[in-house]
Amino acid sequence: MSIFFILSEIIKTRRTTKPAQFNGNKIADEKIEQLLELADWAPTHTYSEPWRFVVYSGDKVNGFSKLHALLYQQFTPAEKFMQGKFDGIIANGEKSSHIIVCIMKRTNEKIPAIEEIAAASCAVQHILLGATALGIASLWSTGGMVLHPAMKNHFQLDEADEILGQLFLGYSDEKIEGRRKIPLTEKVVWER
Ligand SMILES: Cc1cc2nc3c(=O)[nH]c(=O)nc-3n(C[C@H](O)[C@H](O)[C@H](O)COP(=O)(O)O)c2cc1C
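Predicted, not measured: the structure shown is a model, and the values here were computed from it. (Residues numbered from 1 in each chain as written. Predicted model: local features only at pLDDT ≥ 70, side-chain atom pairs only at ≥ 80, totals over all residues.)

When you go through the chain residue by residue, the secondary structure sums to 6 helices and 4 strands. Along the chain, helices (α) and strands (β) appear in the sequence α-α-β-α-α-β-α-β-α-β when read from the amino end. For the chain, whose C-alpha radius of gyration is 18 Å, the value lies close to the compact-globule estimate of 16 Å for 192 residues. In the chain, buried positions account for 27% of the 192 residues. For the chain, the proportion of contacts with a sequence separation of at least 24, taken over those separated by at least 6, is 84%. (Helix = DSSP H or I, 4+ residues; strand = E, 2+ residues; numbered from the N terminus. Rg over C-alpha atoms; globule rule 2.2 N^0.38 Å. Buried ≥ 20, exposed ≤ 12 C-beta atoms within 10 Å, placed from the backbone. Contact = placed C-beta atoms within 7 Å.)

Right, here's the structure in full:
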C-alpha cells in the first residue's frame, strides 16, 4: 500500500461528526498528545509557529462548556436568548471526550495575519487527520461564543490573536458519508 494511498484514505474519510453522534467513550490523553505533536508540524512562515491549543480533558470538558454557555447567556440580550442553544452548548461538552480550543497567536507582527491564520489552520487540520487515522471522531466548530470577543477575553488573548474554533473529540459508531456540492473542476483553473 503506497503512502499516498494511505494519506488519501485518511484525508477523504475524515468527516465532521457532531458530539450528538459520539458514543461517550473516552480518548486516552496520550492519543491527544500524539495529535498535538502532529499539529506542531504545520508549515509556518519565519517559524512564527502561531498555533496555540487549550486542551480540556476529564471533568474540565464539562467545566469549559458550562462556562461557554454562561458566556452565551451573559452576552446575549434577553429577547434573543435561546434556552435550546444554551442547553446545546452544555450537551456538546457532555458528549465529548475532549475539547481543544484552537488559537492563532501573533508572535511576529511583520507576518500578515492571513498567513498566521493559514498556518494555524493547517495545524488544526493535522489534528483532524491524525484523529481520523486513530479512529477518533471530530467536529471543528465556530459555533456558540467561539468567535465572540468575550471568548477571546476569557483566554486573555490580544486584539490581533484569533480563536479559530473548538474541536470536539470523541468516538462514534456512526458512518458518515462525505459530500461536496461544487465539482472540483469549478474550483481549479489549469494553465498549460
Ligand atoms: C472553520 C470551520 C468552522 C466550522 N464550524 C462549524 C460549526 O460551528 N458547526 C458545525 O456543525 N460544523 C462546523 N464546521 C464543519 C462543517 O460544517 C463541515 O466541515 C462541513 O459540513 C463539511 O463536512 P466534512 O467536514 O465532513 O467534509 C466548521 C468547519 C470549519 C472549517
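Back to the text.
All right, on to the environment of T107 then. Within the element layout of this structure, T107 appears in the loop between β2 (98-104) and α5 (113-133). In this structure T107 comes out as partly exposed when scored by C-beta crowding, with 15 C-beta atoms within 10 Å. As a C-alpha pair, T107 and Y47 span 60 residues in sequence and 9.6 Å in three-dimensional space. Setting aside residues no more than four positions away along its own chain, T107 makes contact with S48 and P50.

Inspection of the region around the ligand gives R15, T16, L139, W140, S141, T142, G143, G165 and G178 as its neighbouring residues. In terms of residue count, the dominant contributor to the shell around the ligand is strand β3 (residues 137-141) (3 residues). Broken down by class, the residue content of the shell around the ligand amounts to 2 nonpolar, 6 polar and 1 charged. (Near = placed C-beta within 6 Å. Nonpolar A, V, L, I, M, F, W, Y, C, P; charged D, E, K, R; others polar.)

Quick look at the packing of helix α3 (residues 59-75) against helix α4 (residues 83-95) now. Think of two packed helices as two axes; the pair is described by the angle between the axes and how far apart they sit. The geometry of α3 relative to α4 is characterised by a closest axis approach of 8 Å and an angle of 165° between their N-to-C directions. When the interaxial angle is binned, α3 and α4 end up roughly antiparallel. At the point where α3 passes α4, the crossing takes the right-handed sense. Contacts between α3 and α4 pair V61, N62, F64, S65, K66, H68, A69, Y72 and Q73 from the former with K85, F86, I89, I90, N92, G93 and E94 from the latter. Here the contact of α3 with α4 is composed, by residue class, of 7 nonpolar, 6 polar and 3 charged. (Axes fitted to C-alpha atoms, helices over the stretch in contact; angles between N-to-C directions. Parallel < 35°, antiparallel > 145°, perpendicular 65-115°, else oblique. Left-handed = near helix turned anticlockwise from the far one by under 90°.)

Moving on, we come to the sheet that holds β2. The 4 strands lie next to each other as β1-β2-β4-β3, forming an open sheet whose pairing is antiparallel. The open sheet has two edge strands, β1 (51-57) and β3, and neither has a second partner. Direction aside, the axes of adjacent strands within the sheet are offset by 20° on average. Alignment of β2 against strand β4 (residues 162-170), held across 7 bridges, turns out to be antiparallel. Bridging from a neighbouring strand, I100 pairs with L167 of β4. Helix α2 (residues 29-39) rests against β1 and β2 of the sheet, and its axis sits at about 170° to β1. The strands touched by α3 within the sheet are β1 and β2, with β1 carrying the most contacts at an inclination of about 110°. (Pairing = 2+ DSSP bridges.)

Looking now at the nonpolar core. Counting residues in hydrophobic clusters, the biggest one holds 33 residues, and the most contacted among them are I99, I127 and L167. Those elements that place two or more of their residues in this core are α2, β1, α3, β2, α5, β3 and β4. Sort the elements by how many residues they give to this core and α5 lands first, with 6 residues. Among residues more than four places away in sequence, those in contact with I127 are L35, L38, A39, I100 and L167. (Core = buried A, V, L, I, M, F, W, Y, C linked by C-beta atoms within 7 Å.)

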